[in-house]
Amino acid sequence: MTLENGLIHATTIAAVAYDGGALIAADMQATMAPTMDRLHEPILKLEEVAPFSVVGIAGIPDVLSVARLARMQFSAWERQYEKPLSPDGQKNFLKLVFDNWLRANPLFAMSSMLFVVFDEERKCGRIVSYNLGFVCEYSTGYAATGSGAHPIVETFEQNQYARTSPYEVALSFLGKA
């Protein structure tokens, strides 16, 4: 992570879950460790894997391969059982895919993933965090991953104490508030 003109240059994926929805955002910058040289092509780090379900991955050069596999499996499930895979089912499948990808590619062991889904049954957004050690945890309110996540989490925490909702903080990051 580098600091240039007060701006953080590192992979950052942030998510906010709230009653009635969820929001996930990511930068499109790519860097090559250890030099942190910025690549010139923008990189997509978010991918929809099912209706109301998005994956954000930091540290993996080919996010689309992980997301496409998940999307194909979720679609096959829906065709076979004539109903969409539940958010818990999606969460468990993504954990399996992510774990297997990391085992097959140990150079990317520092990779991390956020899964954001709107739970239609509960009428709220949910965030699942996948990190080193293959830990899968539900987050409430907000989560961030990537090498630039620390300042984002600090900002969310500071605004929590100021009684600002994570949703309002997220909108301010996007310039909508």
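This one's a predicted model, so the numbers in the text were calculated from it and none came from an experiment. (Residues numbered from 1 in each chain as written. Predicted model: local features only at pLDDT ≥ 70, side-chain atom pairs only at ≥ 80, totals over all residues. Heavy atoms only, no water.)

A.B. asks: Before we go on, may I ask you to explain the sheet that holds strand β3 (residues 13-18) in this structure?
C.D. replies: Spatially, 3 strands are ordered β4-β3-β12 in an open sheet, and the strand pairing comes out antiparallel. Each edge of the open sheet is held by one strand with a lone partner, namely β4 (21-26) and β12 (142-145). In this sheet, neighbouring strand axes are inclined to one another by 10° on average, regardless of whether the strands run parallel or antiparallel. (Pairing = 2+ DSSP bridges. Helix = DSSP H or I, 4+ residues; strand = E, 2+ residues; numbered from the N terminus. Axes fitted to C-alpha atoms, helices over the stretch in contact; angles between N-to-C directions.)

A.B. asks: Looking at this structure, I do not really get the nonpolar core. What am I missing?
C.D. replies: Most often, soluble globular proteins keep nonpolar side chains buried together rather than apart. Membership of the largest hydrophobic core comes to 21 residues, with the highest contact counts inside it found for F74, L94 and F115. The set of elements that each furnish at least two residues to this core consists of β7 (46-50), β8 (53-58), α1 (63-81), α2 (87-104), β9 (112-119) and β10 (124-131). Each residue touching F115, except ones within four places of it in the same chain, is listed here: V49, S53, V54, V55, P87, Q90, K91, L94, R126, I127, V128 and Y130. Listed in part, the 9 residues of the second largest apolar core include A58, V116, I127 and A143. (Core = buried A, V, L, I, M, F, W, Y, C linked by side-chain atoms within 4.5 Å. Buried < 20%, exposed > 50% of the residue type's maximum accessible area, 1.4 Å probe, protein only. Contact = heavy atoms within 4.5 Å.)

A.B. asks: Looking at this model, I keep getting lost on the pairing of β9. Mind explaining?
C.D. replies: When you tally the buried positions in β9, you get 7 out of 8 residues, the bulk of the element. Pairing geometry for β8 and β9, over 6 bridges, is antiparallel. Note on β9: the bridge partner recorded for G56 is L114. Judged from the 7 bridges that link them, β9 and β10 form a sheet pairing that is antiparallel. Bridging from a neighbouring strand, M113 pairs with Y130 of β10.

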